[in-house]
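What follows is the residue order along each chain.
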Amino acid sequence: MNSTDFTAPNLNRFVRCLLPLVAAMGILSFSGCAGSKVRAQETASGKESPAEVFGPKAPEADSAAIPSYGPEPFQVRPLVVILGPGLARGYAHAGVLRALEQEKIPIAGVFGTEMGAWVGSVYAASRSIHEFEFLLMRFGPSAFARPQGILSGFGSGENRGGEFEDSLEKAFGAKEFRETRVPLHLLAQKKSGRVAIIDSGRISRAVRAVMGVPGWMSSSEHEGEMTHSAGSVRAFPIQEARAWHPQLPILVVDVSLPIPKNDSVAGPLFADFAVQARALGQQPEVILRPKLDSVGPWDFERRNEAIFAGKAAVKEQLVWIKRVVGMP
């Protein structure tokens, strides 16, 4: 550039071109300072402005349920177990409960009549299957034995229940129904003929009340009324079990067969049990009938044979039992 370029007209033209550039730089400088001041204020106040997002907007979460993969989970329905009467053959109930526990078949509750009530009570009151078996053995055969020379008929030569009551107190103490590991319901018949379900109070007193059988063990008082077994009229309380939990499957254990012969006490009893068992039809989902040909109604010393028969009955129908409860 020579000296002639800085003449007045040329200088004015140069200044006019430069002014817009200077103004733009000033504006940019002011905006940057203002932004820095705002960010400084936000930082001091603990607030952060949201970061600018570039690119497409993220898709929103689908409100529909996320699909699951693999097999559908199975729904298990625990059993309501009904343990019927049967004197010494009632020990088979213990084998049934032991086998169900071994196979992890869940039990929702127990209904029991006569010996079924006793076995069911020991099971429900125990904390484990090992304690259950231990408590069973605390009741010796003599606790259930009939006096020698017993005569047929009501009340003659009956076991007064003294040793049995002592064993009950040792086994249950002051334990009540509300303390059992599964709900427990015992069937009793009052002197008036009314059938009642006992499911509250002290277990030992309730069990004693439901064990009275004419010609075997004397009746006892419960809640101010003489009470005995309901086996002859309600050996298998299907209706009561259904009413208690209509949606659950029922397993019945019937130990009435074979009917004893030449026995004026047990013969008529077991005949009644068998009639009631036949009337069950298809009402319960599962009926177990342990093979007890070698165990008579008074063979309390052969309890191990009855227990093994109960276990075998479960194993014979195990596939069906698992299907009923919904297990694979």
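Computed from a prediction, not measured in an experiment: that's the story for all the values here. (Residues numbered from 1 in each chain as written. Predicted model: local features only at pLDDT ≥ 70, side-chain atom pairs only at ≥ 80, totals over all residues. Heavy atoms only, no water.)

K.L.:
Could you give an account of the packing of aromatic side chains, with specific residues and numbers?
P.N.:
A full pass over the atoms with the stated rule returns twelve aromatic pairs. On the basis of an interplanar angle of 85° and a centroid distance of 6.3 Å, the ring pair of Tyr91 and Phe144 is categorised as edge-to-face. Highlighted residues: Tyr91 in the loop between β1 (79-83) and α2 (92-102) and Phe144 in the loop between α4 (129-137) and α5 (162-172), separated in sequence by 53 residues. With a relative accessible area of 0%, Tyr91 lands in the buried category. A relative accessible area of 0% places Phe144 in the buried class. Considering the side-chain rings of Phe144 and Phe164, the 5.3 Å spacing of their centres and the 50° angle between planes classify their relative orientation as tilted. Here Phe144 is found in the loop between α4 and α5, whereas its partner Phe164 is found in helix α5, with 20 residues between them in sequence. Here Phe144 and Phe164 have matching classes, each one buried. Through a chain of ring-to-ring contacts, three or more aromatic side chains come together here, namely Tyr91, Trp118, Phe139, Phe144, Phe164, Trp216 and Phe300. Between Arg146 and the ring centre of Trp298, over which it is positioned, the NZ or CZ distance is 3.7 Å. (Phe/Tyr/Trp six-rings, centres within 6.5 Å; stacked < 30°, edge-to-face > 60°. Helix = DSSP H or I, 4+ residues; strand = E, 2+ residues; numbered from the N terminus. Buried < 20%, exposed > 50% of the residue type's maximum accessible area, 1.4 Å probe, protein only. Lys NZ or Arg CZ within 6 Å of the ring centre and 35° of its normal.)

K.L.:
Please give an account of the pairing of strand β2 (residues 107-113) that cites residues and values.
P.N.:
Within β2, seven of the seven residues are buried, which leaves it mostly tucked inside the rest of the structure. As paired strands, β1 and β2 are joined by five bridges and run parallel to one another. Paired with Leu79 across the strands is Ile107, a residue of β2. For the segment spanning β1, α2 and β2, crossover handedness is right-handed. As paired elements, β2 and strand β3 (residues 184-190) share four bridges and run parallel to each other. In the strand pairing of β3, Thr113 is matched with Leu187. (Pairing = 2+ DSSP bridges. Right-handed = clockwise from strand over helix to strand, strands pointing away.)

K.L.:
I'd like a rundown of the confidence of the model for the chain, residues and numbers included.
P.N.:
Across the chain, the average pLDDT comes to 84, with 74% of residues at 70 or higher. This stretch, residues 36-40, has a pLDDT under 50; its non-local contacts, to residues over four places away or in other chains, come to zero contacts. Confidence over residues 150-156 falls short of pLDDT 50; this stretch has ten contacts with residues more than four positions distant or in other chains. (pLDDT = per-residue confidence, 0-100. Contact = heavy atoms within 4.5 Å.)

K.L.:
Provide a residue-level description of the packing of helix α3 (residues 115-125) against α5, including the pertinent values.
P.N.:
Between α3 and α5, whose axes approach to 11 Å, the crossing angle comes to 20°. One element, α3, and the other, α5, form an angle in the roughly parallel class. Here α3 runs over α5; the crossing is left-handed. For the pair α3 and α5, contact is made by Trp118, Ser121, Val122 and Ala125 and by Phe164, Leu168 and Phe172, respectively. Here the contact of α3 with α5 is built from residues that sort into six nonpolar, one polar and no charged. (Axes fitted to C-alpha atoms, helices over the stretch in contact; angles between N-to-C directions. Parallel < 35°, antiparallel > 145°, perpendicular 65-115°, else oblique. Left-handed = near helix turned anticlockwise from the far one by under 90°. Nonpolar A, V, L, I, M, F, W, Y, C, P; charged D, E, K, R; others polar.)

K.L.:
Please provide a residue-by-residue account of α5, values included.
P.N.:
For α5, the full list of buried residues reads Phe164, Ser167, Leu168, Ala171 and Phe172. Looking straight down α5, one finds its buried side chains confined to an arc of 110°; they lie on one side. Positive phi appears at Gly173, one or two residues downstream of α5, with a value of about 60°. (Arc of directions from axis to C-beta.)

K.L.:
Describe the environment of Arg146, listing the residues and the values that go with them.
P.N.:
With respect to the element layout, Arg146 can be found in the loop between α4 and α5. Separated by 13 residues in sequence, Arg146 and Asn159 place their C-alpha atoms 5.4 Å apart. In this structure, Arg146 is in contact with Gly215, Trp216, Val265 and Trp298, ignoring residues within four places of it in sequence.

K.L.:
Break down the nonpolar core for me, with residues and values.
P.N.:
By size, the foremost hydrophobic cluster in this structure holds 87 residues, and its most contacted members are Trp118, Phe144, Phe164, Met211 and Trp216. Considering each element in turn, this core owes the most residues, eight residues, to α3. (Core = buried A, V, L, I, M, F, W, Y, C linked by side-chain atoms within 4.5 Å.)

K.L.:
Outline the side chain of Arg208, supporting the account with residue identities and numerical values.
P.N.:
Mapped onto the elements, Arg208 comes out in helix α6 (residues 203-209). When its relative accessible area of 5% is taken as the criterion, Arg208 is described as buried. Residues in contact with Arg208, not counting those within four places in the same chain, are Arg160, Gly161, Phe164, Glu165, Leu168, Met217, Ser218, Ser219 and Ser220.

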